[in-house]
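Each chain is listed here by its residues.
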Amino acid sequence: TSISMGTVHDTNCSHPSCWWGEYVAGLKLISCNSIHFLCLPPSEVDSQQNMSPEHSSINIILFGALAKDYSESVSQGDMLLVTGFSVGNSPTAQKDKLHACNLQLAGNDAWMYVSTCLGRGSYAVKVVKYTYVPLSDLKPGVVVNVYAVVTFFKQPFRTKGTDYCSTLKITDQSNKKVGCTIFCDKLEEHPKIFKMGDIIRLHRVKTQLFNGAISLLTSHGFSVVTFDGMVGSPVIPRTSSESFKFGEEDCQVVEALRTWAANQSLVPAQPCVPLSAVQPTTYFDLTCQLLAKAPVDSSCTLLKVWDGSKCPHPLLDVFVEPNTLEGSPTLSKDMANLTANVLVYDNHVEVARQFKPGSYLRIYNLHAVPGASRLPSNDSVQSDQTGHLGFHLHGGTSYGRGLRVLPEDSPDILDLKKILETFSESDINDSSMFEVWSTPPESFGIPLQSASYSDTCCMCIGVERTCDHTVEQVSLAEVKSRSPPQVFHVQVQLKSYQPQRLYQSLKLFCHKCKTIRDVPDDVTVGGLFSEAQKDVGPCNNGYWTLVLPLPREPPSESPSRTLTLLMSRATLEETCRIASAYSNIVPVTSPQGTMTPLDLSAPFLFRGTKRYYGCKQCSQLKVGESLGEGVDVWDEKSVAEALGVQLLQYGLLMKLELQDGTGFLEALLWRDAESFFHVSAEDAAADQEAQDRVQETMDRLCPPGSSTAERPWMDLCLSAYTVEENGQRRACYQICHTGTRVGSLHTP
């Protein structure tokens, strides 16, 4: 929204709007951190001779980084657009006879765009160019911009004052090594450096001579951007600033530094050590996922982490009160050595307590300590843990010691996520898997009509393994006689399965907290919509209110208009009808004048006939915020991210009773259920044809009213593991790496 000269009158207030005008005269360097412009609104240029000065011109004052950037970039006659300014009283109004107010630009929210005149009324945007100085050319006492490779760094730590401080050592193609000290009052303004070899861009750092060597120190207007240093990885800027500049030339500089650093062996070949390679008494960096955390005392916090690899040494078990533990405490007993107990001490405790289970971490200079250490509340279990390996992050920042959260899209965790997702999917071995057989209300969807045996017996089906395991086929009796964890190949028939109504096998699963929940039925969801209508108040977020005609046609899977709508005061039926015409419908409410999504028991997004749900435990709703900007494609993932919702995944969960003449065995079908049926669980939740395929498959494997001799034999891969219930451990089984195919009957 552009404002006119006549409306500039509020004193000492911020304006999110913008003002544009022509720079006519008077560039004046007030100090090293501020400059002064005299500007004229363009609508008043032609009539300025008929106007009094106080109505025709206004002073603009730039502070800090803006003053430095634009002091040599603006010429008389340029057009200026300013935004994020504050309006203040002009102390020179009586003297210069100009407008009584001035526009003041300072901080990250303020910005100015400059266009230069090309003649005949056309303008081209001016780009502020930065000059970067090689480290070997640095002179003391000047403010410079530099690009460099990080060779050493320490995580930010709190100073005795109000600032945080971080230190680094950097180098570039000149082979000059320079130290840098960064002071910022906000932790997020420090450089986001994850490992040695990362690329850093520093703007407005001051050079100084310290102990005979040049070093860099933050100065007024300082800004920093970092990049991953791995050759071939995407050039993605990492910064908290919303107004940084980054173009093709910057991309070329980053790529050149990456290549040079790789040839100089500046990047460690293995920046982190997996748990499987850890040796006692060593110090190492660890990339891992946080499973759980708990305070031990005021100077120590316990982090339970894993990286998908198994430590060759027995690991120390640290006892904490169960009610103090946040997150999933451990994996299965058979995989105890996948979970490492990390004890974080002193200045790192404040950082560690802000972490959330499920986050990916990098821990620097972690110490592998052999033998049971003296720990608070751990005396009772130390006697039998002599020689067990513990992990300590000692206090202080020596040798770069510290820890931080890695972003979900970091290239450093791509391989780790693939490993952990494999475990997470195959090792869902807690007792909750056997507690999710609760039947949802039958009003959810339309129960499928079971095909008769006469209709399906002529359409034969086979079940075959798709794995590469080189194990011998065994009987069910032998499977039950062996101890988990193991993988078995068996040839069996299906005796029975649950649930009989297959729409009840649809579940919602959170990959972050590993919880499973039922898909709510229409009665439940409709009730949530009705309750939300009672709680709707006037919304003061400034959203548009749209009056939409309800489509007459039934919902379709491919809406005709690609538009994301935030909609309130609609019933479930109305929402479904509107979703047939618009690609993304987000139901919202505004109980206290602030727009927010509905209770996450209801879908947070409708797309045609598909509905998407969020996890109540892991979501962090962005209440009152608009959808994200700069998103090219709006799908369920981008909408969930914009709303702060942890997206739940659809899954198929069934319990199959198997038989082979030597006995019976119950096994779950979960991880590979979609490949088993060749059906997407998301499609099965919205598409009748997909539901029919699942039903037809089960009717062929276990025809209604058939005898055992009439049922086909199946070649299955079974994964065996243990779960603990009420202090008792028992073996459980899951079907994996197996798929169905239509063909001739398979006989043993």
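Rules behind the numbers
- Residues numbered from 1 in each chain as written.
- Predicted model: local features only at pLDDT ≥ 70, side-chain atom pairs only at ≥ 80, totals over all residues.
- Heavy atoms only, no water.
- Pairing = 2+ DSSP bridges.
- Helix = DSSP H or I, 4+ residues; strand = E, 2+ residues; numbered from the N terminus.
- Axes fitted to C-alpha atoms, helices over the stretch in contact; angles between N-to-C directions.
- Buried < 20%, exposed > 50% of the residue type's maximum accessible area, 1.4 Å probe, protein only.
- Core = buried A, V, L, I, M, F, W, Y, C linked by side-chain atoms within 4.5 Å.
- pLDDT = per-residue confidence, 0-100.
- Contact = heavy atoms within 4.5 Å.
- Salt bridge = Lys/Arg side-chain N within 4 Å of Asp/Glu carboxyl O.

### Looking at the sheet that holds strand 24 (residues 516–518)
Moving on, step 1. Read from one edge of the open sheet, 3 strands run 24-23-30, paired in antiparallel fashion. The sheet is open, and its two borders are formed by strand 24 and strand 30 (649–652), each paired with just one other strand. Averaged over all pairs of adjacent strands, the angle between strand axes in this sheet comes to 40°, irrespective of strand direction.
Moving on, step 2. The pairing of strand 23 (residues 506–509) with strand 30 spans 4 bridges and is antiparallel. Paired with K507 across the bridge in strand 30 is G651.

### Structural notes on the pairing of strand 33 (residues 714–725)
Moving on, step 1. Most of strand 33 is tucked away: 10 of the 12 residues are buried.
Moving on, step 2. Sheet topology places strand 22 (residues 486–498) next to strand 33; 7 bridges connect them, and they run antiparallel. Residue pairing across strands places V487 opposite S719, the latter belonging to strand 33.
Moving on, step 3. Of the strand pairs in this sheet, strand 33 and strand 34 (residues 728–736) are connected by 9 bridges, and their pairing is antiparallel. Its bridge partner being in strand 34, S719 is matched across the sheet by Q734.
Moving on, step 4. Connecting the antiparallel pair strand 33 and strand 34 is a turn made up of 2 residues, with N726 showing a positive phi of about 55°.

### Comments concerning the pairing of strand 20 (residues 402–406)
Moving on, step 1. Across the 5 residues that make up strand 20, a large majority, 4, are buried.
Moving on, step 2. Pairing analysis gives 5 bridges linking strand 18 (residues 360–370) to strand 20, with the strands arranged antiparallel. When the bridges of strand 20 are listed, L361 appears paired with V405.

### A look at the nonpolar core
Side chains of a nonpolar character, in soluble globular proteins, are inclined to be buried together.
Moving on, step 1. Counting 57 residues, the largest nonpolar core has V490, L494, L658 and F677 as its most contacted members.
Moving on, step 2. Here the element with the most residues in this core is strand 22; it accounts for 5 residues.

### Notes on the confidence of the model for the protein chain
Moving on, step 1. With 70% of its residues at a pLDDT of 70 or more, the protein chain has an overall mean of 75.
Moving on, step 2. Counting contacts from residues 376–383, a segment whose pLDDT is below 50, to residues more than four positions away or on other chains yields 13 contacts.
Moving on, step 3. Confidence over residues 744–748 falls short of pLDDT 50; this stretch has 11 contacts with residues more than four positions distant or in other chains.

### Some words on the pattern of salt bridges
Moving on, step 1. The full count for this structure, using the stated rule, is 17 salt bridges.
Moving on, step 2. D250 is paired through a salt bridge with R201; the nearest N and O atoms lie 3.1 Å apart. Of this pair, D250 sits in helix 4 (residues 248–263) while R201 sits in strand 12 (residues 199–210), and the two are 49 residues apart along the sequence. This pair shows no difference in class: D250 is buried, exactly as R201 is.
Moving on, step 3. Here K616 and D599 are joined by a salt bridge, their closest N and O atoms 3.2 Å apart. Of this pair, K616 sits in the loop between strand 29 (610–612) and helix 11 (636–643) while D599 is found in the loop between strand 27 (596–597) and strand 28 (605–607), placing the two residues 17 residues apart along the sequence.

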